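# Close look at the chain arrangement
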Amino acid sequence: MNSRYDVIVAGLGAMGSATAAHLATRGKKVLGLERWSPGHRYGSSHGDSRIIREMYFEHPMYVPILGRAYELWAELGQRTGKDLLHVAGGLMIGPEDGMLVTGTRRSAKEYNLAHEVLSPAEVKERYPAFELRSDYVAVLDPRAGYLDPEVCNGAHWAVARELGADLRECEPALSWTADNDGVSVTTPVDTYHADHLVLAVGARTLSLLNGIPLSLEIERQVVFWLEPDIRSRNYDASRFPIYIHEYAEGAVCYGFPRLSRGVKASGMHSGEKSANADEVRRSVNENEVEPLRDALSNILPELASAPVLESDVCIFTNTPDHDFVIDFHPEFPRVVVSSACSGHGFKFASAIGEIQADLVTKGKSRFDLSPFSMARAKINKRSHM
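These remarks concern the structure in this document.

The rules behind the values
- Residues take numbers from 1 onward in each chain, read along the sequence in its written order.
- Side-chain atom pairs in this predicted model are given and counted only at pLDDT of 80 or more, local residue features only at pLDDT of at least 70, and totals for whole chains, interfaces and linings cover all residues.
- Computation of side-chain values covers all heavy atoms of the structure but excludes hydrogens and water.
- Only DSSP runs of H or I with at least four residues qualify as helices, and only runs of E with at least two residues qualify as strands; both kinds are numbered from the N terminus onward.
- Between any two strands, pairing holds if DSSP finds at least two bridges.
- The axes are straight lines fitted to the C-alpha atoms, using for helices just the contacting stretch, and the angles between their N-to-C directions are given from 0 to 180°.
- Contacts: residue pairs with any heavy atoms within 4.5 Å of one another.
- Relative accessibility decides the category of a residue: with a 1.4 Å probe and only protein chains considered, values under 20% of the type maximum give buried, values over 50% give exposed, and everything between is partly exposed.
- Between the first and last residue of a helix there are one fewer steps than residues, each counted as 1.5 Å, and that sum is the expected span.
- What counts as a salt bridge is simple: a side-chain nitrogen of Lys or Arg found within 4 Å of a carboxyl oxygen of Asp or Glu.
- Under the rule applied, a polar contact is a pair of N or O atoms within 3.5 Å (in protein, one hydrogen donor and one hydrogen acceptor; residues adjacent in sequence only if both atoms are side-chain atoms).

Let's shift gears to unusual backbone geometry. For the bond from serine 338 to serine 339, the omega torsion is 5°, close enough to zero to count as cis. In this structure, histidine 269 is a non-glycine residue whose phi angle is positive, near 55°. Phi at histidine 322 is positive, roughly 70°, even though this residue is not glycine. Here histidine 322 is to be found in the loop between strand S18 (308–318) and strand S19 (325–328).

In structure tokens:
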């Protein structure tokens, strides 16, 4: 039997690794448990790019947390000497009265964020690859850009281990119990004891809630790397920002500049649904790229017709309203449940790690977490990314 820990963190993807690092920074004795090895392809944190953006069209309530996330990503990069945060601007593209543009401008106005509204001609002049439909506008978010998820997670792992955290690869949490004295977590290897437990297991959250009902849905997300003319510099990061495009009412696609391979793009929340993460289909059919091509045709016609270089599958864990879950377990206050990010959470991971370390060590956060309570996740519905 192992000695007692201050905190056990189950799941060491984006949210769990950040939480472990923040707890270790505070001198806590941390045990981290991960089902696979770092960089695995069975969850939501692999690959070379995730969007980060400040003018959050989903809701202005996210903007203050994003501000803290930007600060913490920069600090983590400086601490570890890793190039994590790449800021080169981003375009939010669609009808002027659409969900994406109006939501983006709402956040910008509420927090007085610098931005520009560009016409199709102005977008073409600055970013030659784009050819926007005449009835579109684009809101330029100058602080938008992208993160390298595997490098970010690795940096959090490195900080946690440097400060003494015991991080276990290929050792998942199978079950847990809790009482007034603490928690016990059983793995295939042993049973461990701690004062607190943070559940950050993504698509496997439902299996570890100990009977508490929570409305979560597993969604298969397919991403593609397209290969336009390799000689063109129009897709380089200096001339091609990240973008989100509302191609139909309430429906968006998104993409990145050319990074390590091809030009990555994907539709959002259009994948197959499943009740079990282990049943998600990992193969990608040739015709699955066609809806993405249709969506891109109104803004990036050359990219829309480019051949597919590569494809991949990841998992979203969606709440009914697509907002996060960050809350104490309703029956066991020593257990924090995180985060069911509905496909838009990675950019927040540095701040969510800090938030969850605050919950464990102080019982509260500087941010209002009521929108992320477990109680509301079962009842509210709203459609957004």
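That covers the picture; the talk isn't over yet.
As paired elements, strand S1 (residues 5–10) and strand S12 (residues 191–199) share five bridges and run parallel to each other. The residue of S12 that forms the bridge with valine 7 is histidine 196. Judged from the four bridges that link them, strand S11 (residues 182–186) and S12 form a sheet pairing that is antiparallel. In the sheet register, valine 183 faces S12, and the bridge partner there is alanine 194. Hairpin geometry of S11 and S12 is characterised by an intervening segment of four residues between the two adjacent antiparallel strands.

Pairing is antiparallel in the open sheet, where three strands are placed in the order S3-S8-S4. Single-partner strands in this sheet number two, and they are strand S3 (50–52) and strand S4 (85–87). For this sheet, the mean angle separating the axes of adjacent strands, direction not counted, is 30°. In the sheet, S3 pairs with strand S8 (residues 145–147) via three bridges, with the strands oriented antiparallel. Residue pairing in the sheet places isoleucine 52 in a bridge with glycine 145 of S8.

For alanine 277, the position within the fold is in the loop between strand S17 (273–274) and helix H6 (290–296). Expressed as a C-alpha distance, the spacing of alanine 277 and glycine 262, which sit 15 residues apart in the sequence, is 28 Å. Non-local contacts of alanine 277, meaning those with residues more than four positions away in its chain, are made with Ala203, Arg204, Ile218, Arg282 and Ile315.

This part takes up the environment of glycine 271. On the secondary structure map, glycine 271 appears in the loop between strand S16 (263–267) and S17. You can call glycine 271 buried: its relative accessible area is 18%. Once residues lying within four places of it in the same chain are set aside, the contact partners of glycine 271 are Glu219 and Arg220.

Attention now moves to helix H8 (residues 349–362). Here H8 spans 19 Å end to end across 14 residues, near enough to the 20 Å set by a 1.5 Å rise per residue. Every buried residue of H8 is accounted for by Ala349, Ser350, Ala351, Ile352, Gly353, Glu354, Ile355, Gln356, Ala357, Asp358, Leu359 and Val360. Once H8 ends, the next one or two residues include glycine 363, with phi positive near 80°.

In total, this model carries 29 salt bridges according to the counting rule given. A salt bridge links arginine 53 to glutamate 58; the nearest nitrogen and oxygen atoms lie 2.7 Å apart. A relative accessible area of 0% means that arginine 53 is categorised as buried. Judged by its relative accessible area of 6%, glutamate 58 falls in the buried class. Taking the shortest distance from any N to any O, the salt bridge between arginine 261 and glutamate 310 comes out at 2.9 Å. Of the two residues, arginine 261 is situated in the loop between strand S15 (251–258) and S16 and glutamate 310 in strand S18; the sequence distance between them amounts to 49 residues. Among the residues examined, arginine 261 registers a relative accessible area of 21% and is labelled partly exposed.

Our next topic: the side chain of histidine 245. Examined against the element boundaries, histidine 245 turns out to sit in strand S14 (residues 242–248). A distance of 3.0 Å separates the side chain of histidine 245 from the side chain of tyrosine 136, its partner in a polar contact. Beyond its immediate stretch of four places on either side in the chain, histidine 245 contacts Ile93, Leu100, Tyr136, Ala251, Val252, Cys253, Ala295, Asn298 and Ile299.

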